[in-house]
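Below are the chains, spelled out letter by letter.
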Amino acid sequence: MASLPHPIQYQGSKRNLASDILKFLPNRVERIVEPFTGTAAISIAAAAKRISQNFWLNDLNKPLIELLQLIIEEPHEIADAYADIWNKQHHDSVSHYFEVREVFNKTNDPKLFLYLLARCVKGAVRYNSEGFFNQSPDKRRSGQLAELAGYISETSK
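Residues numbered from 1 in each chain as written. Predicted model: local features only at pLDDT ≥ 70, side-chain atom pairs only at ≥ 80, totals over all residues. Heavy atoms only, no water.

This part is about the overall build of the protein. Of regular secondary structure, the protein possesses seven helices and two strands. Ordered by position in the sequence, the α and β elements of the protein form the string α-β-α-β-α-α-α-α-α. Out of the 157 residues belonging to the protein, those deemed buried represent 43%. Here the protein has roughly 9100 Å² of accessible surface; of this, 52% comes from carbon and sulfur atoms. (Helix = DSSP H or I, 4+ residues; strand = E, 2+ residues; numbered from the N terminus. Buried < 20%, exposed > 50% of the residue type's maximum accessible area, 1.4 Å probe, protein only. Areas by Shrake-Rupley, 256 points an atom, 1.4 Å probe, with all protein chains shown as cover.)

Here Asn-105 is to be found in helix α5 (residues 93-107). The exposure class assigned to Asn-105 is buried, which follows from its relative accessible area of 17%. Non-local contacts of Asn-105, meaning those with residues more than four positions away in its chain, are made with Phe-132 and Phe-133. (Contact = heavy atoms within 4.5 Å.)

Okay, helix α2 (residues 41-48) next. With respect to burial, α2 is a largely interior element, six of its eight residues being buried. Residues Ala-41, Ile-42, Ser-43, Ile-44, Ala-45 and Ala-46 constitute the buried set of α2. On its buried face, α2 sits against α1 (18-22), β1 (32-34) and β2 (55-57). One or two steps after α2, the chain reaches Arg-50, where phi turns positive at roughly 60°.

This next bit is on the pattern of salt bridges. Using the criterion set out here, one finds five salt bridges in the structure. The shortest N-O distance in the salt bridge between Asp-20 and Lys-23 comes to 3.3 Å. A residue is classified by how much of its surface remains accessible, and Asp-20, at 40% relative accessible area, is partly exposed. Between Lys-88 and Asp-84 there is a salt bridge, with the nearest N and O atoms lying 3.3 Å from each other. Relative accessible area serves as the criterion here: at 40%, Asp-84 is assigned to the partly exposed category. (Salt bridge = Lys/Arg side-chain N within 4 Å of Asp/Glu carboxyl O.)

Below, the discussion takes up the nonpolar core. Ranked by size, the top nonpolar core spans 21 residues in total, and within it Leu-67, Phe-113, Tyr-115, Leu-116 and Phe-133 carry the most contacts. When residues of this core are traced back to their parent elements, those giving at least two are α3 (62-73), α4 (75-87), α5 and α6 (110-119). Looking at which element gives the most residues to this core, the answer is α6, with seven residues. If we skip the residues at most four places from it in the chain, Tyr-115 touches Tyr-82, Ile-85, Trp-86, Gln-89, Ser-93, His-96, Tyr-97 and Val-100. Ala-18, Leu-22, Ile-32 and Ile-42 belong to the second largest nonpolar core, which has eight residues in total. (Core = buried A, V, L, I, M, F, W, Y, C linked by side-chain atoms within 4.5 Å.)

Next up on the list: the packing of α3 against α6. At their nearest, the axes of α3 and α6 sit 9 Å apart, and the two run at 100° to each other. With respect to α6, the element α3 is oriented roughly perpendicular. Residues Pro-63, Leu-64, Glu-66, Leu-67 and Leu-70 of α3 lie in contact with α6, whose contacting residues are Pro-110, Lys-111, Phe-113, Leu-114 and Leu-117. Tallied by class, residues from the contact of α3 with α6 come to eight nonpolar, no polar and two charged. (Axes fitted to C-alpha atoms, helices over the stretch in contact; angles between N-to-C directions. Parallel < 35°, antiparallel > 145°, perpendicular 65-115°, else oblique. Nonpolar A, V, L, I, M, F, W, Y, C, P; charged D, E, K, R; others polar.)

The next subject is α6. The buried fraction of α6 amounts to nine of the 10 residues, a majority that puts the element mostly inside the structure. Residue Asp-109 occupies the N-cap position of α6, its side-chain oxygen lying 2.8 Å from the main-chain nitrogen of Lys-111. (Polar contact = N/O pair within 3.5 Å; in protein donor to acceptor, adjacent residues only side chain to side chain.)

The structure is reproduced here in structure tokens:
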């Protein structure tokens with residue numbers, strides 16, 4: 001299950017636990033309800049094992065849920081938006097990250113959130129007491145344009 005493509009790195013993901021969690025499910029279920037979905041690791045694993053093809057994803061993080069919805073329903077739109085944001089970082093990637101973060105904190109735009117998740121330290125989502133995303137950029141990497149494009153092409157089949 002850990003080798004299945006996932007759209008984003010996300011600290012606390014159940015990706016590595018998915019096989020163990022799925023052992024507690026019947027071989028087939030009408031719908032998987034994932035209440036603390038994060039990056040939908042359990043649903044992705046259940047779909048791959050054909051346990052279910054009907055999913056209800058829920059999470060308190062609204063931009064994350066909206067991002068997953070875009071990935072599922074509008075994969076090329078989110079891939080194009082990400083590529084556009086990612087390509088603008090090359091003059092000064094750290095300043096660009098902070099600019100994107102500032103706009104995200106005003107809008108909660110899930111397209112901006114994807115870029116922040118790809119660039120933030122350890123894929124760790126952090127919000128301050130005012131509800132603003134405040135995680136720093138990972139200065140060792142600049143995001144994953146090629147990996148996202150590969151994931152999008154897989155989901156579009």
